[in-house]
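In case you want the letters, here they are:
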Amino acid sequence: MGSAGYTILSRGPIGVSARRSIRIALFLLIAAIVPGNSADEKRIAIFAAATTYSLPISDRNGVEYVGLLEAIEPLGTVTSRNGGDHWKFRYNDADAEFMVGSNRAKIRGHDIDLSGTFLLENNRGLVPVTSLSTLLPRILGVQVTFNPASRRLFIGNVATHFTAQLSRTAPPRLVMNFTSPVNPTIATEPGKLRMAFNREPLVAPGTPTLTFDDKAIPSATYLENNGIAEITVNGTVPLMASFSNDRRTITIAPTPQQAAGPAQPAAVPGALPAASSAANPVAVVPPVPRHFFAVIDASHGGDDRGAALSDKLAEKDVTLALARRLRQELEARGMSTMVLRDSDANLTLDQRAIFTNTAHPVIYVALHAASDGNGVRLYTALLPAGGENNGPFISWDTAQERVVPISRTAAQAVAAEFQKKQIQVRTLSAPLRPLNNLTGPAIAVEVAPPGSDVMDLNLPAYQQNVASTVATGIAAVRDKLGGQP
Amino acid sequence: MIPRHLLIGVGVLLLAVLAMGFYAGRMRGRAAQVAPAVADTRPVAPPATGPTEQVTLFVADDAAAMLRPQAASIPLPSARQQRAEDLLRALLGIYLAKTSPHPLAAGAEVRAVYLVDPGLAVIDLNAAFANGHRSGVLEEELTVTSLIQTLTANIPGILRVKILVDGKDRETLAGHADLSDFYDAGAVSQLVAQMESAQ
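Notes on the structure in this doc start here.

Conventions we followed
- Residue positions are given per chain, counting from 1 as you read along its sequence in written order.
- Labels are handed out in written order, letters beginning with A for the chains and numbers beginning with 1 for the ligands.
- Given that this is a predicted model, residues contribute local features only at a pLDDT of at least 70 and side-chain atom pairs are listed and counted only at 80 or more, while totals for whole chains, interfaces and linings are drawn from all residues.
- Going along the chain from the N terminus, every DSSP run of H or I of four or more residues is numbered as a helix, and every run of E of two or more is numbered as a strand.
- Whether a residue is buried, exposed or partly exposed is read from the other C-beta atoms within 10 Å of its own C-beta, which are placed from the backbone; 20 or more gives buried, 12 or fewer gives exposed, and intermediate counts give partly exposed.
- Once C-beta atoms have been placed from the backbone, residue pairs whose C-beta atoms lie within 7 Å are recorded as contacts.
- Any nonpolar core is a set of buried residues, restricted to Ala, Val, Leu, Ile, Met, Phe, Trp, Tyr and Cys, that join up through C-beta atoms within 7 Å.
- A fitted line through C-alpha atoms serves as each axis, taken over the contacting stretch for helices, and the angle formed by two N-to-C directions is quoted from 0 to 180°.
- Put simply, angles under 35 degrees are roughly parallel, angles over 145 are roughly antiparallel, angles from 65 to 115 are roughly perpendicular, and the rest are oblique.
- The sense of a crossing depends on the near helix, which, turned anticlockwise from the far helix by less than a right angle, makes the crossing left-handed and, turned clockwise, makes it right-handed.
- Strands were regarded as paired on the criterion that DSSP finds at least two bridges between them.
- Each helix should span, by expectation, one fewer than its residue count multiplied by 1.5 Å.

The subject of this paragraph is the overall build of chain B. On a plain count of helices and strands, chain B comes out with 5 helices and 6 strands. With 199 residues in all, chain B has 35% of them scored as buried. In chain B, the share of contacts with a sequence separation of at least 24, taken over all contacts with a separation of at least 6, comes to 66%.

What follows is the structure in structure tokens.
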């Protein structure tokens, strides 16, 4: 398939970009539909806001190469020309120039080092795959995240997160919630249900192996390879998957005949033997230490711009930048995190609460930004009236009630850190959803400018200082929150 | 033969008709250029007549990020519901003044307050109030708590407060303060004290 692709991609002279576009489209189409040894073929998956595509990888002298034009063409209009050993192309206002056999390129007038030499085969420019993370940000002008091990490249703020929670019903159900609609390829084999996400920018959960302490569905694993993310749910009974919530939720449960049949205690590798004594029907399982896992929520996003901090600065952009910095700071302190909104996505308040409650973090931190006042305001939930709990059912509106004291402890610890740095800080309750809908400790941080200029909210140094202080405060109460490093 | 004086009279009348038509046409053009009068969206002032009463308004202060109790003497009717509406309109009068410590959007108004037994007050704001409100956790919280605390401090028996906008449920005031739930009067009172003690 690769060589066929080279033939199709043979380029004409300058000014035939339309013909070239058609050829590239044909190449991508053929690459997508021609059956072959696709399972063995090396590919790179590229995820952008507007499109997702995968490209074949070519090995040249032990180095993995990819066609640069094919990597950029789906994102916009590209023109190229070939003059002897020189190969030039233009994407929007970005000019790039490569020289055959050289490991240096010039993009927007700046020299860029490649991780291998540039190759030109049948007028098709090939660059080392590992150079894409250097080349694409310069050419496209947006942030690019590349995972070379799994060959998955994310352009801009695209990411689909997921949570998995076992519902201990009879039969048990594993409910997986995704931040965007998903359409995986599902395959089953004895003891496993595999979901391959070819087109979704799925990102890894806090830990690659999720354990559920259940005999029928003991665990699930997350794996990325050759551009594809795969979730494997391990079961001791045949499993089936069903979709709901506009394909944002996948529920995995034993197949009906298994669920209806007599309970057969299946052998679970590594499981404790079932208690045989009638006098002691419940096996005592030692408490599993809770892993320190924080959920960071960049408030607003998508159509909801939040406060218009200035003509050019929207609250949603500041909260996203703060969330990423806070993630870095928490992870630097040994705490794993999940950023609820790691792109410019729409998330309702209910969705934020559902994702957080199913993820069971030891703390949830919502980030807001304001143009009025100075310094930082820290909020815990102001619970609304009503909301009676009924047995095991907790009222949605006052789900936070039982953990308000712990949330306040966390807020005070963070406030103490701000005071140490002499940053103005106030701690208050606030009627701010989804704080009241969360079952675990939860705080909100509202960041105001350090001085009179609201644009200072965008200063990297200020954001880093705020993020670092919040992380230090949370780390200080790690024990009280119940998380283990 | 038509008499001469009659011809002159008809001619003068025709000239007058033409002149009046020309004048009316110009006046119409001018009227079209003049912008229509802007509706007076200021809240209705409390009734100027009737006995005045001493009340406490809880006025939001952006600079101090707290509510300041402010004594006021305003004429209030005897009907409970009408009193509640007039109280909040007096409060909005402060916010809409030029020297407001917590400015609200022009046209912000309390449409009505409904007191429903047992202990529920429903405040119905107009769309201009919410649509023009500044967005921010603290700004919105100050507005909401100011309305609720002013109401509960002066009208006994209110335990819960619900805020509507144009008679309908709304998720938040301006992106932050929750309007979907019922406010607990006691919890708001504690929050007001918390704001004060944090100074």
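Moving on to the interface of chain B and chain A. Listed by partner, the interface residues are 23 residues for chain B and 23 residues for chain A. Ranked by residue count, the leading element in the side of chain B that touches chain A is helix 4 (residues 137–154) of chain B, at 5 residues.

Attention now goes to the nonpolar core. Most often, soluble globular proteins keep nonpolar side chains buried together rather than apart. Formed by 113 residues in total, the largest nonpolar core has its most connected members in A294, V365, A410, V414, I443 and I474 of chain A together with L88 of chain B. If sequence neighbours within four positions are ignored, I474 of chain A has contacts with A294, L330, I363, A410 and V414 of chain A. Formed by 59 residues, the second largest nonpolar core is a distinct cluster that contains Y65, F118, L174 and L193 of chain A.

Residues and elements named next belong to chain A. Looking at the secondary structure, you find Q412 in helix 8 (residues 404–420). A count of 15 C-beta atoms within 10 Å places Q412 in the partly exposed class. Between the alpha carbons of Q412 and G473 there is a distance of 8.3 Å; along the sequence they are 61 residues apart.

The next subject is the packing of helix 4 of chain B against helix 5 (residues 185–197) of chain B. Residues and elements named next belong to chain B. Taken N-terminus to C-terminus, the directions of helix 4 and helix 5 make an angle of 110 degrees; their axes are 10 Å apart at the nearest point. Relative to helix 5, the element helix 4 lies roughly perpendicular. Handedness of the helix 4/helix 5 crossing: left-handed. Only A185, V188, S189, L191 and V192 of helix 5 make contact with helix 4, whose side of the interface consists of T145, I148, Q149 and T152.

Moving on to the environment of T77 of chain A. One can find T77 of chain A in the loop between helix 3 (68–72) and strand 5 (78–83). Expressed as a C-alpha distance, the spacing of T77 of chain A and N92 of chain A, which sit 15 residues apart in the sequence, is 6.9 Å.

Residue and element names in this part refer to chain A. Spatially, the 4 strands line up as an open sheet ordered 14-15-22-21, and their pairing is antiparallel. Strand pairing shows two members of the sheet lacking a second neighbour, strand 14 (162–167) and strand 21 (239–244), which therefore form its edges. Each strand axis lies, on average, 20 degrees off the axis of its neighbour in the sheet, ignoring direction. Direction of pairing for strand 15 (residues 173–178) relative to strand 22 (residues 249–254): antiparallel, over a ladder of 4 bridges. Looking across to strand 22, one finds that L174 is bridged to I252.

Counted at 1.5 Å a residue, the expected span for helix 9 (residues 460–476) of chain A with its 17 residues is 24 Å, and the 24 Å between its end C-alpha atoms agrees. Taken together, the buried positions of helix 9 of chain A are occupied by Q463, V466, A467, T469, V470, A471, G473, I474 and A475 of chain A.

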